[in-house]
Amino acid sequence: MDIRELRYFTAVYRERNLTAAARTCFVSQPSISTAITNLEAELGTTLFIRHKKGVAPTASAEQFHTVARRIIDEADAARKLFRKPSTKTTVTLGLMRTLDVHRTIALLKPLTARSDVALRLVGSDERADARIISKSMLRDDEHFVPLWSERYVAALPPSHPLTLKDKLSTADLADVPMIDRCHCEQSAFFGRAARRRQSAAIAQSEDWAMALVAAGVGIAVVPEGVAKGVSDVAIRPIEVKIKREVGLAYRASAPLADALKDFVGKLQRVRAKPRNNSSRRHD
């Protein structure tokens, strides 16, 4: 077992999907599959159970995750212990406000781990070297490197009557209190799709929107990653089949900092790798 395998394991544990984990680690899916297979053989236990939407961690994985996370953190701390201070290049990254926490952490770690980079975060509408945004927010003078796509879902209080339905229609959402989100890039679309909506509150952040849903104030239509893993919130698919594509946007006319060049290069190499179906496991 090595640190790389532990990092791949924690990515799968976080994403619940090998393909998504591979993207966050900037490697191919077979590399992730091999790492999980090796760990399971060495530990003598099954870490993940495969299902049609991805994987589910076993009780062994839940227990091992705490250990793996501690080993990774201590290894990172040891690596930095004797590093001499170096001249740092400031990299300004714009983030849209509707990113979910887990993916944001995975995206920023490759940059914060560099001793030659001073990372500065701003809003997606402020001046920046690059932006993590939805493709719908892309400007005419920007290149776009896709990171992931995700569907929109309805987040409901667990005791709400609509949780009895497997999928919700726009008609279901028409006459129920809704939590609007000030920074949702798709709010205009959902405003048109769900006529007669009752706005119960306007949330300033994704965390606040989920807290209001959990408190029973209303229902929120959010990107799936935002609601994923939130306690006291039920998730249901909606019949409005719309997804957003999130990626790294940067100006074509401005030179990128070396750290961002490496970042973009890794993204492009991962997307260019052919998928090896024969090596797939725990999809």
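The rules we used
Residues numbered from 1 in each chain as written. Predicted model: local features only at pLDDT ≥ 70, side-chain atom pairs only at ≥ 80, totals over all residues. Heavy atoms only, no water. Helix = DSSP H or I, 4+ residues; strand = E, 2+ residues; numbered from the N terminus. Buried < 20%, exposed > 50% of the residue type's maximum accessible area, 1.4 Å probe, protein only. Contact = heavy atoms within 4.5 Å. Areas by Shrake-Rupley, 256 points an atom, 1.4 Å probe, with all protein chains shown as cover. Axes fitted to C-alpha atoms, helices over the stretch in contact; angles between N-to-C directions. Parallel < 35°, antiparallel > 145°, perpendicular 65-115°, else oblique. Left-handed = near helix turned anticlockwise from the far one by under 90°. Nonpolar A, V, L, I, M, F, W, Y, C, P; charged D, E, K, R; others polar. Arc of directions from axis to C-beta. Salt bridge = Lys/Arg side-chain N within 4 Å of Asp/Glu carboxyl O. Phe/Tyr/Trp six-rings, centres within 6.5 Å; stacked < 30°, edge-to-face > 60°. Lys NZ or Arg CZ within 6 Å of the ring centre and 35° of its normal.

An unreviewed UniProt entry lists the protein chain under the name LysR family transcriptional regulator, with Bradyrhizobium zhengyangense as the source organism.

**Looking at the overall build of the protein chain**
Within the protein chain, the regular secondary structure consists of 10 helices and 11 strands. Put simply, the protein chain has 283 residues, and 46% of those count as buried. Sequence-distant contacts, at least 24 apart, represent 72% of the contacts inside the protein chain between residues at least 6 apart. Element-wise, carbon and sulfur atoms account for 51% of the exposed surface of the protein chain, whose accessible area totals about 15000 Å².

**Notes on the packing of helix H1 (residues 3-15) against helix H4 (residues 59-81)**
Look at H1 against H4: their axes get within 9 Å of each other, and the N-to-C directions meet at 130 degrees. Comparing the axis directions of H1 and H4 gives the class oblique. For the crossing formed where H1 meets H4, the hand is left-handed. The residues of H4 that touch H1, namely those facing Ile-3, Leu-6, Arg-7, Phe-9, Thr-10 and Tyr-13, are Ala-61, Glu-62, Phe-64, His-65, Ala-68, Arg-69, Ile-71, Ile-72, Ala-75, Asp-76 and Arg-79. Split into classes, the residues belonging to the contact of H1 with H4 amount to 10 nonpolar, 2 polar and 5 charged.

**Description of helix H8 (residues 206-214)**
Taken as a whole, H8 has its buried residues at Glu-206, Ala-209, Met-210, Leu-212 and Val-213. Angular distribution of buried residues about the axis of H8 spans 160 degrees; they occupy a single face of the element. Lining the buried residues of H8 we find strand E6 (142-156), strand E7 (177-181), strand E8 (198-203), strand E9 (220-223) and helix H9 (224-227). Positive backbone phi, approximately 90 degrees, marks Gly-216, located one or two places after H8.

**Some details on the pattern of salt bridges**
With the rule as written, the count across this model stands at 13 salt bridges. Among the ionic pairs, Asp-116 bridges to Arg-114, the shortest N-O distance being 2.8 Å. A relative accessible area of 29% places Asp-116 in the partly exposed class. Exposure remark for Arg-114: the relative accessible area of 22% places this residue in the partly exposed category.

**What to know about the packing of aromatic side chains**
Working definition: an aromatic ring pair is given by the centre-to-centre distance plus the angle between the planes. One pass over the full model with this rule turns up 3 aromatic pairs. Ring geometry for Phe-9 and Tyr-13: centres 6.2 Å apart, planes at 40 degrees, overall tilted. One end of the pair, Phe-9, and the other, Tyr-13, are both in helix H1, 4 residues apart, so they sit about a helical turn from each other. The buried category is assigned to Phe-9, whose relative accessible area is 0%. The buried category is assigned to Tyr-13, whose relative accessible area is 14%. Three or more aromatic residues joined by ring pairs make a cluster, and in this case those are Phe-9, Tyr-13, Phe-48 and Phe-64. Here the guanidinium or amino end of Arg-16 rests over the ring plane of Tyr-13, the centre of that ring lying 4.8 Å away.

**Some thoughts on the environment of Glu-206**
Mapped onto the elements of the fold, Glu-206 is located in helix H8. The exposure class of Glu-206 is buried, given its relative accessible area of 7%. As for Glu-206 and Pro-223, which are separated by 17 residues in sequence, their C-alpha atoms are 9.8 Å apart. Discounting chain neighbours no more than four positions away, the residues touching Glu-206 are Arg-97, Thr-98, Arg-181, Val-222, Pro-223 and Val-226.

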